[in-house]
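The primary structure of each chain is shown beneath.
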Amino acid sequence: MLDNRKDLQWFCLPTLDDNYTWIIRDLGAEITVVVDPATAEDVHIFMQARQWRLDAIFNTHHHWDHVGGNKELREMYPHVQIYGSKKDAGRIPYITHLLEDGESLQLGSMEYVVLSVDGHTLGHIAYYERHHKWLFCGDTLFSLGCGRLFEGSPQEMLNSLEKIKHFCEETLVFCAHEYTLDNIRFAHSIGFHPPGMDAFYDEVVKKRQQSIPTVPFLLATQLRLNPFLCSSSAYLHRISGLSKHASALDVFTWLRRKKNLF
């Protein structure tokens, strides 16, 4: 799958069971970036078919299904630059650039802002391309879901999601897994059924029946339908059954625990 723009293209590479590796091509500068390569083989085949060179790897966090291709890709493309969080310096293979929150990256016509989004892990970052409003968020935000908390706290994840909520609604979100259908089923299981959910469900089912990815997705849709972005809403508060004094953090913590057991 690709998206044609005047200056940039993105491509989706399904890999492993449900991972997505993203490839971004700057047409004018002939620069190619891969985001979270789970394996090297899929990326290399893609690049060889087009006779492109690989210039940069963006890692969002250290989990093996996001960095598994780093070593072999570095061997295949010795000049490749590998970016990741400074907090993950010892956990991302062959990392060459240590990034911090708020830092800017310029590659050809692409301009990325680095966003610290701790929660799923400590040291998780996202990459936001300013001009096209593309957010590569790894395992922080999913379509109708969010990442499991392996290292961070509920408060850290909630803070990270609040950061993402403040991007413009036209932001196109590129996450790293195909979890949408399962996340809809979870929302149904807790009685979370805002207006528009049925139409969204039908659209997702049709796509998956044809093996079409449900990612990327618009942030605007998530602000309406993703329960993990609605922890401060009175609607989700009522569903949780928590006391009227419960905070948004209490509701989010309840929601994340329910999802862990789903």
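Below is a short write-up of the structure. (Residues numbered from 1 in each chain as written. Predicted model: local features only at pLDDT ≥ 70, side-chain atom pairs only at ≥ 80, totals over all residues. Heavy atoms only, no water.)

## Looking at the pattern of salt bridges
For step 1, the next point in the chain: Tallied over the full model, the rule gives 11 salt bridges.
For step 2, the next point in the chain: In this structure, the salt-bridge partner of Glu75 is Lys71, at a minimum N-O distance of 2.7 Å. Placement of the pair is Glu75 and Lys71 together in helix 3 (residues 70-76), with a separation of four residues, close to one helical turn.
For step 3, the next point in the chain: A residue is classified by how much of its surface remains accessible, and Lys71, at 43% relative accessible area, is partly exposed.
For step 4, the next point in the chain: A salt bridge links Arg91 to Glu151; its shortest N-O distance comes to 3.0 Å. Residue Arg91 is found in the loop between strand 6 (81-85) and strand 7 (97-99), and its partner Glu151 is found in the loop between strand 13 (145-146) and helix 4 (154-165); the two are separated by 60 residues along the sequence. (Salt bridge = Lys/Arg side-chain N within 4 Å of Asp/Glu carboxyl O. Helix = DSSP H or I, 4+ residues; strand = E, 2+ residues; numbered from the N terminus. Buried < 20%, exposed > 50% of the residue type's maximum accessible area, 1.4 Å probe, protein only.)

## Here we look at the nonpolar core
For step 1, the next point in the chain: Among the nonpolar cores identified, the biggest contains 62 residues, and Trp22, Phe58, Leu105, Tyr127, Phe136 and Leu141 are the most heavily contacted of them.
For step 2, the next point in the chain: In contact with Tyr127, other than residues within four places in its own chain, are Phe58, Asn59, Thr60, Tyr83, Gly84, Leu99, Leu105, Tyr112, Val113, Trp134, Leu135 and Phe136.
For step 3, the next point in the chain: Within the second largest apolar cluster, 18 residues are counted, among which are Ile23, Val43, Phe46 and Met47. (Core = buried A, V, L, I, M, F, W, Y, C linked by side-chain atoms within 4.5 Å. Contact = heavy atoms within 4.5 Å.)

## Details of the sheet that holds strand 8 (residues 104-107)
For step 1, the next point in the chain: Within the open sheet, the six strands sit side by side as 8-9-10-11-14-15. Their pairing is mixed. At either end of the open sheet lies a strand with only one pairing partner, and these are strand 8 and strand 15 (217-218).
For step 2, the next point in the chain: Where strand 9 (residues 110-116) and strand 10 (residues 125-129) come together, five bridges link them in antiparallel fashion. Directly across from Ser116, in strand 10, lies its bridge partner Ile125. (Pairing = 2+ DSSP bridges.)

## Focus: empty space enclosed by the protein
For step 1, the next point in the chain: Applying the stated rule across the entire model yields one cavity of 30 Å³ or more.
For step 2, the next point in the chain: For the largest cavity, the calculated volume is near 30 Å³.
For step 3, the next point in the chain: Contributing to the lining of the largest cavity are Tyr20, Trp22, Val35, Asp36, Thr60, Phe136, Cys137, Gly138, Phe174, Cys175 and Ala176.
For step 4, the next point in the chain: At the level of secondary structure, the elements contributing two or more residues to the lining of the largest cavity comprise strand 3 (19-26), strand 11 (134-138) and strand 14 (172-175).
For step 5, the next point in the chain: Of the residues assigned to the lining of the largest cavity, the class counts are eight nonpolar, two polar and one charged. (1 Å grid on protein atoms, 1.4 Å probe; cavity = no way out; pocket = protein on both sides within 12 Å on 5 of 7 lines; lining within 4 Å. Points joined across faces, edges and corners; volume = space filled by probe spheres on them. Nonpolar A, V, L, I, M, F, W, Y, C, P; charged D, E, K, R; others polar.)

## Observations concerning the side chain of Gln222
For step 1, the next point in the chain: With respect to the secondary-structure elements, Gln222 resides in helix 7 (residues 219-225).
For step 2, the next point in the chain: Its relative accessible area of 0% is what places Gln222 among the buried residues.
For step 3, the next point in the chain: A polar side-chain atom of Gln222 sits 2.7 Å from the main-chain amide nitrogen of Leu144.
For step 4, the next point in the chain: Those residues in contact with Gln222 that lie beyond four places of it in its chain are Phe142, Ser143, Leu144, Phe217 and Leu229. (Polar contact = N/O pair within 3.5 Å; in protein donor to acceptor, adjacent residues only side chain to side chain.)

## So, unusual backbone geometry
For step 1, the next point in the chain: Going from Val215 to Pro216, the amide bond is cis rather than trans, its omega being 5°.
For step 2, the next point in the chain: In this model, Asp36 sits at a positive phi of 55°, which is unusual for a non-glycine residue.
For step 3, the next point in the chain: Overall, the relative accessible area of 3% leaves Asp36 in the buried class.
For step 4, the next point in the chain: A positive phi is found at Gln51, a non-glycine position, where the angle reads about 55°.
For step 5, the next point in the chain: Looking at the secondary structure, you find Gln51 in the loop between helix 1 (40-50) and strand 5 (56-58).

## Structural notes on the packing of aromatic side chains
For step 1, the next point in the chain: Scanning the model with the defined rule gives 18 aromatic pairs in all.
For step 2, the next point in the chain: On the basis of an interplanar angle of 80° and a centroid distance of 5.3 Å, the ring pair of Trp10 and Phe174 is categorised as edge-to-face. Note that Trp10 is positioned in strand 2 (residues 8-15) and Phe174 in strand 14, a separation of 164 residues in sequence.
For step 3, the next point in the chain: Since its relative accessible area comes to 4%, Trp10 is described here as buried.
For step 4, the next point in the chain: A residue is classified by how much of its surface remains accessible, and Phe174, at 1% relative accessible area, is buried.
For step 5, the next point in the chain: Taking 4.4 Å as the distance between ring centres and 20° as the angle between the ring planes, the aromatic pair formed by Phe136 and Phe174 counts as stacked. Taken together, the positions of Phe136 in strand 11 and Phe174 in strand 14 put the pair 38 residues apart, joining distant regions of the chain. Neither residue differs from the other here; Phe136 and Phe174 are each classed as buried. (Phe/Tyr/Trp six-rings, centres within 6.5 Å; stacked < 30°, edge-to-face > 60°.)

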